[in-house]
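The lines below spell out each chain.
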Amino acid sequence: MSYGQGGPQSQWDPWKPHSQQPWSSGGDDGSPDWAALAEASETRNKRRKLLFIGGGALATIGIGTAVAMAVVSANSGNHASGNPTSLPASASLPGNSASAPSFAPTSAPPPLDPKDFISDVKKDTAPLSPGTLFPGTQLTMGETVYKKGPTADTKNCGSVAGGTLPKVLGANGCTRMIRATYTNGGIAVTVGVAVFDNEAQAAKAKAQTDDHSIVHSLFGKGVKPFCDGGFCRSTRNAYGRYGYFTITGFLNGKSVTDKDTKAFAVGDDLAEFTFRQIRRRGEAQASAAAQ
């Protein structure tokens, strides 16, 4: 009685686990079929190549799709894509706005000139008196202290002037003469400020004066008469609509000579002080107008 295998003989599949390799029919020596094994290995290699090619193609298609989506997202207008940030879209940035406001260039107005306010009676409207021009009871110039004596104010300019000055003041429209006297030691000086309507009149009056154009000395209030005999030193100048004059002498009646440098220094100090007071008057009015 012959014994055969029950059912059909199993087929060997190199891709199925536990499948059995077919053996050649007939009598063989039990060695494997090397030709069949080589053919199966070649089949496996071909399948791997096909899988690699197919996978690469799919990966390429996936990358291309991702790039295309990124390009579409970047060109999709002002709508955020992916993870939005706090920055506005490029079209709404202020720098790209076509309607950004523009401003016309501006410049600060030039500062007011203080001299303008003391060059014309229409602008020079601040209070004017001996007290505003010569305030306090004394003044200090450098290290020298001068004590203020009497003051005076008159509209008759020529009545308090001597030599050629009364004619010059009258011809150029002097409207007022304010005087003050200061002393230091045995020297006294009187300052006279002539007031005109405008700068041109004051400048013309100053140009017409000479060494014989003098203002009368002012004494009293503890100041002895001076410069009523002998020689005294005088100065004359103008600034804005004001002319200012000084006369300096010794209280003991001594004449002033070129060697009396102290008397010259006293007269120069009071002339400088008067100029500063007139200039300050213009500065104060210019500052008030600017505000």
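Criteria and cut-off values
Residues numbered from 1 in each chain as written. Predicted model: local features only at pLDDT ≥ 70, side-chain atom pairs only at ≥ 80, totals over all residues. Heavy atoms only, no water. Disulfide = S-S within 2.5 Å. Helix = DSSP H or I, 4+ residues; strand = E, 2+ residues; numbered from the N terminus. Buried < 20%, exposed > 50% of the residue type's maximum accessible area, 1.4 Å probe, protein only. Core = buried A, V, L, I, M, F, W, Y, C linked by side-chain atoms within 4.5 Å. Contact = heavy atoms within 4.5 Å. Phe/Tyr/Trp six-rings, centres within 6.5 Å; stacked < 30°, edge-to-face > 60°. Lys NZ or Arg CZ within 6 Å of the ring centre and 35° of its normal.

Some words on the state of the cysteines
Move 1: Per the stated rule, a full pass over the model turns up two disulfides.
Move 2: Here Cys-157 engages in a disulfide with Cys-174; their sulfurs sit 2.1 Å apart. Judged by the sign of its S-S torsion, about -75 degrees, the cystine formed by Cys-157 and Cys-174 is left-handed. Highlighted residues: Cys-157 in the loop between strand 2 (144–154) and strand 3 (161–163) and Cys-174 in the loop between helix 3 (165–171) and strand 4 (176–184), separated in sequence by 17 residues.
Move 3: On the basis of relative accessible area, Cys-157 is assigned to the buried category, the value being 5%.
Move 4: Look at Cys-174 and you get buried, because its relative accessible area is 14%.
Move 5: There is a disulfide in this structure between Cys-227 and Cys-232, and the S-S distance comes to 1.9 Å. Residues Cys-227 and Cys-232 share a disulfide whose torsion about the S-S bond is about -110 degrees; that sign makes it left-handed.
Move 6: Judged by its relative accessible area of 21%, Cys-227 is partly exposed.

Regarding the nonpolar core
When a protein is soluble and globular, its nonpolar side chains tend to lie buried together.
Move 1: Core analysis: the largest hydrophobic core is formed by 26 residues, its most contacted members being Phe-134, Leu-139, Tyr-146, Tyr-182, Val-193, Tyr-242 and Leu-270.
Move 2: Of all the elements in the fold, those that place two or more residues in this core are strand 1 (138–141), strand 4, strand 5 (187–195), strand 8 (242–250) and helix 5 (261–290).
Move 3: Among the elements that take part in this core, helix 5 stands out by supplying six residues, more than any other.
Move 4: Setting aside its immediate chain neighbours within four residues, Tyr-182 contacts Phe-134, Leu-139, Tyr-146, Lys-147, Lys-148, Ile-187, Ala-188, Val-189, Leu-270 and Phe-273.
Move 5: The next biggest cluster of nonpolar side chains, apart from the first, holds 15 residues, and it includes Val-168, Cys-174, Phe-196 and Ala-202.

Regarding the packing of aromatic side chains
Move 1: Per the stated rule, a full pass over the model turns up three aromatic pairs.
Move 2: Taken together, a centroid distance of 6.4 Å and an interplanar angle of 70 degrees make the contact between Tyr-182 and Phe-273 edge-to-face. In this pair, Tyr-182 is assigned in strand 4 and Phe-273 in helix 5, connecting sequence segments 91 residues apart.
Move 3: Ring geometry for Tyr-239 against Phe-275: centres 4.9 Å apart, planes inclined by 75 degrees, an arrangement best described as edge-to-face. With Tyr-239 in strand 7 (residues 233–239) and Phe-275 in helix 5, the pair connects residues that are 36 residues apart, well separated along the chain. Assigned by exposure class, Tyr-239 and Phe-275 land together as buried.
Move 4: The rings of Phe-134, Tyr-182 and Phe-273 are connected pair by pair, giving a single aromatic cluster.
Move 5: In this structure, Lys-123 packs its charged tip against the face of Phe-117, placed 5.5 Å from the ring centre.
Move 6: Here the guanidinium or amino end of Lys-254 rests over the ring plane of Phe-250, the centre of that ring lying 5.1 Å away.

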